[in-house]
Amino acid sequence: MEEQRIDLTQFGSQIDQLRQQIAQVVVGQRDTVELLLTAILAGGHVLLEGVPGVAKTLLARLVAQLIDARFSRVQFTPDLMPSDVLGTNVFNMQTSQFDFHAGPVFADIVLVDEINRAPAKTQAALFEVMEERQVTIDGTTHRMPPLYTILATQNPVEQEGTYKLPEAQTDRFMMKLTMGYPSQEEEVTILQRHHANQRLTKLEGIDPIVSKEQLLALRDTLQRVFVDDALLRYIAAITAQTRQSRTVFLGASPRASVALLQGSKAYALLQGRDFVTPDDVRAVAPSVLQHRLILTAEAEMEGLTQQKVIQRLIDKVEVPK
């Protein structure tokens, strides 16, 4: 345990540098940044929701660059085919054999822009790659790199010409993070920075702070993070609340409980601790659970949202001491 804490201390300084570097480029969004780092550390995929222009793509590119990850971006469109994302076999005239040409999904950090723009068959092509971290094409399995993480964005306002993600797809995202508008003071800061440096969003001259190897090594330490049995019961009780509530038509699955556990452990590590507290669980629970719930028609007519409902349900559960 002592050796682990020394490692966490070293990692803590790197995380502080990571936060500072992100804050120099992306103004505000502190909670979103913290939870995004939590999901990547926990090995989970993230659904980023926000109106155009709130730096969703910039944040994804910046994080990939700071952890020295191979980055790729896929712009989902209505005419996008599964092979455009996963790759395809191409006949090689010289060898008289088929060569596999990997698609953009083969990277460490994959940004899927406007995931709800593509039809269902292209969205479904991500099922295997998200859950199993591999792609099977023409009977041959191609495995993803160990750091593999999908960051998908969607626009919550413009729904014309979009294809709503099915529940089975959204459940594979560990977290759903919402990026809202900056405050007026933050927007003034954005304007000042762009006025002083027109190429601020080009990410030029930014060096990696954490290597992929260091991040993967820290992922391995998640297994050694201490979680009291009372906290395991606390997580199970929160998930059970989503299944018992009259405002919820479809509650969270056991996969959600596992995601909540892993997210809480990763969040604790980011705070420099090798044990989980109830505050860690409460910090990640809304982002882990909100997109997994389907509200009843009555709840929606009352104007309730997943965020409001899940916060109420969390507050109902007694916090272990």
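Residues numbered from 1 in each chain as written. Predicted model: local features only at pLDDT ≥ 70, side-chain atom pairs only at ≥ 80, totals over all residues. Heavy atoms only, no water.

1. Regarding helix α9 (residues 229-244)
Link 1 in the chain: Given a rise of 1.5 Å per residue, 16 residues ought to cover 22 Å, and the 22 Å separating the end C-alpha atoms of α9 matches this to within 8%.
Link 2 in the chain: Buried residues along α9 sit in contact with β10 (248-250), α10 (254-270), α11 (278-289) and α13 (306-316). (Helix = DSSP H or I, 4+ residues; strand = E, 2+ residues; numbered from the N terminus. Expected span 1.5 Å × (residues − 1). Contact = heavy atoms within 4.5 Å.)

2. Side note on the side chain of lysine 56
Link 1 in the chain: Here lysine 56 is to be found in helix α3 (residues 56-66).
Link 2 in the chain: Summary of buried charges: lysine 56 has no salt-bridge partner, and the nearest side chain of opposite charge, aspartate 113, is 6.4 Å away.
Link 3 in the chain: A polar side-chain atom of lysine 56 sits 3.1 Å from the main-chain carbonyl oxygen of valine 51. (Buried < 20%, exposed > 50% of the residue type's maximum accessible area, 1.4 Å probe, protein only. Lys, Arg positive; Asp, Glu negative; His and termini not counted. Salt bridge = Lys/Arg side-chain N within 4 Å of Asp/Glu carboxyl O. Polar contact = N/O pair within 3.5 Å; in protein donor to acceptor, adjacent residues only side chain to side chain.)

3. Describing the packing of α10 against α11
Link 1 in the chain: Where α10 contacts α11, the two axes come as close as 9 Å, and the packing angle between them is 135°. By the angle between their axes, α10 is oblique relative to α11. Relative to α11, α10 is oriented so that their crossing is right-handed. Judged by residue contacts, Ala256, Ala259, Leu260, Gly263, Ser264, Tyr267 and Ala268 of α10 engage Asp280, Val281, Ala283, Val284, Ala285, Val288 and Leu289 from α11. (Axes fitted to C-alpha atoms, helices over the stretch in contact; angles between N-to-C directions. Parallel < 35°, antiparallel > 145°, perpendicular 65-115°, else oblique. Left-handed = near helix turned anticlockwise from the far one by under 90°.)

4. Quick word on the nonpolar core
Link 1 in the chain: Among the nonpolar cores identified, the biggest contains 73 residues, and Ile22, Leu36, Leu59, Leu62, Ile67, Met175 and Leu289 are the most heavily contacted of them.
Link 2 in the chain: When residues no more than four places from it in sequence are discounted, the contact partners of leucine 289 are Ile238, Ala252, Ala256 and Ile310. (Core = buried A, V, L, I, M, F, W, Y, C linked by side-chain atoms within 4.5 Å.)

5. Quick notes on the environment of leucine 261
Link 1 in the chain: Within the fold, leucine 261 resides in helix α10.
Link 2 in the chain: Between the C-alpha atom of leucine 261 and that of threonine 305, which follows or precedes it by 44 residues, the distance is 24 Å.
Link 3 in the chain: In contact with leucine 261, other than residues within four places in its own chain, are Val227, Leu232 and Ile235.

6. With respect to the sheet that holds strand β8 (residues 149-154)
Link 1 in the chain: Spatial strand order, β2-β5-β8-β1-β9: 5 strands in an open sheet with parallel pairing. Only two strands of the sheet have a single partner each, and these edge strands are β2 (71-75) and β9 (175-178). With direction set aside, neighbouring strand axes in the sheet form an average angle of 20°.
Link 2 in the chain: Relative to β9, helix α2 (residues 30-42) is tilted by about 160°, and along the sheet it contacts β1 (46-49), β8 and β9. (Pairing = 2+ DSSP bridges.)

7. Thoughts on the pairing of β1
Link 1 in the chain: The alternating pattern of β1 places Val46 and Leu48 and Leu47 and Glu49 on opposite faces, both of which are buried.
Link 2 in the chain: Direction of pairing for β1 relative to β8: parallel, over a ladder of 4 bridges. Across the sheet, the residue bridging to leucine 48 is threonine 153, located in β8.
Link 3 in the chain: For β1 and β9, the ladder comprises 4 bridges, and the chain directions are parallel. Across the sheet, glutamate 49 pairs through a bridge with threonine 178, a residue of β9.

8. Some thoughts on the packing of aromatic side chains
Link 1 in the chain: Applying the stated criterion across every chain, the model contains 0 aromatic pairs.
Link 2 in the chain: Sitting over the face of the ring of phenylalanine 275, arginine 273 holds its NZ or CZ atom 5.5 Å from the ring centroid. (Phe/Tyr/Trp six-rings, centres within 6.5 Å; stacked < 30°, edge-to-face > 60°. Lys NZ or Arg CZ within 6 Å of the ring centre and 35° of its normal.)

9. Thoughts on a nonpolar patch on the surface
Link 1 in the chain: Taken together, the side chains of Phe91, Met93 and Phe98 define a hydrophobic patch exposed on the protein surface, amounting to about 390 Å² of accessible area.
Link 2 in the chain: Following the sequence through the fold, phenylalanine 91 ends up in strand β3 (residues 87-92).
Link 3 in the chain: Judged by its relative accessible area of 41%, phenylalanine 91 is partly exposed. (Patch = residues over 30% accessible without salt bridge, like charges linked within 9 Å, V, L, I, M, F, W, Y side chains within 5 Å. Areas by Shrake-Rupley, 256 points an atom, 1.4 Å probe, with all protein chains shown as cover.)

10. Details of unusual backbone geometry
Link 1 in the chain: Positive phi outside glycine occurs at glutamine 29, with the angle close to 55°.
Link 2 in the chain: Take glutamine 29: it is sitting in the loop between α1 (2-25) and α2.
Link 3 in the chain: Take glutamine 29: its relative accessible area is 16%, and that puts it in the buried class.
Link 4 in the chain: Within the chain, glutamate 114 stands out as a residue other than glycine whose phi angle is a positive 50°.
Link 5 in the chain: Tracing the sequence through the fold places glutamate 114 in the loop between β5 (109-113) and α5 (120-131).

11. Some points on the confidence of the model for the protein
Low-pLDDT portions of the prediction should not be read for the details of their coordinates.
Link 1 in the chain: Residue-level pLDDT values for the protein average 84, and 93% of them are 70 or greater.
Link 2 in the chain: Confidence, expressed as mean pLDDT per element, reaches its minimum in the protein at α1 with 72 and its maximum at α11 with 94. (pLDDT = per-residue confidence, 0-100.)

12. What to know about the pairing of β5
Link 1 in the chain: For β5, the buried fraction is high: 5 of the 5 residues fall into the buried class.
Link 2 in the chain: Burial of β5 is two-sided: the residues Ile109, Leu111 and Asp113 facing one way and the residues Val110 and Val112 facing the other way are all buried.
Link 3 in the chain: Pairing analysis gives 5 bridges linking β2 to β5, with the strands arranged parallel. The partner of serine 72 across the bridge, within β5, is valine 110.

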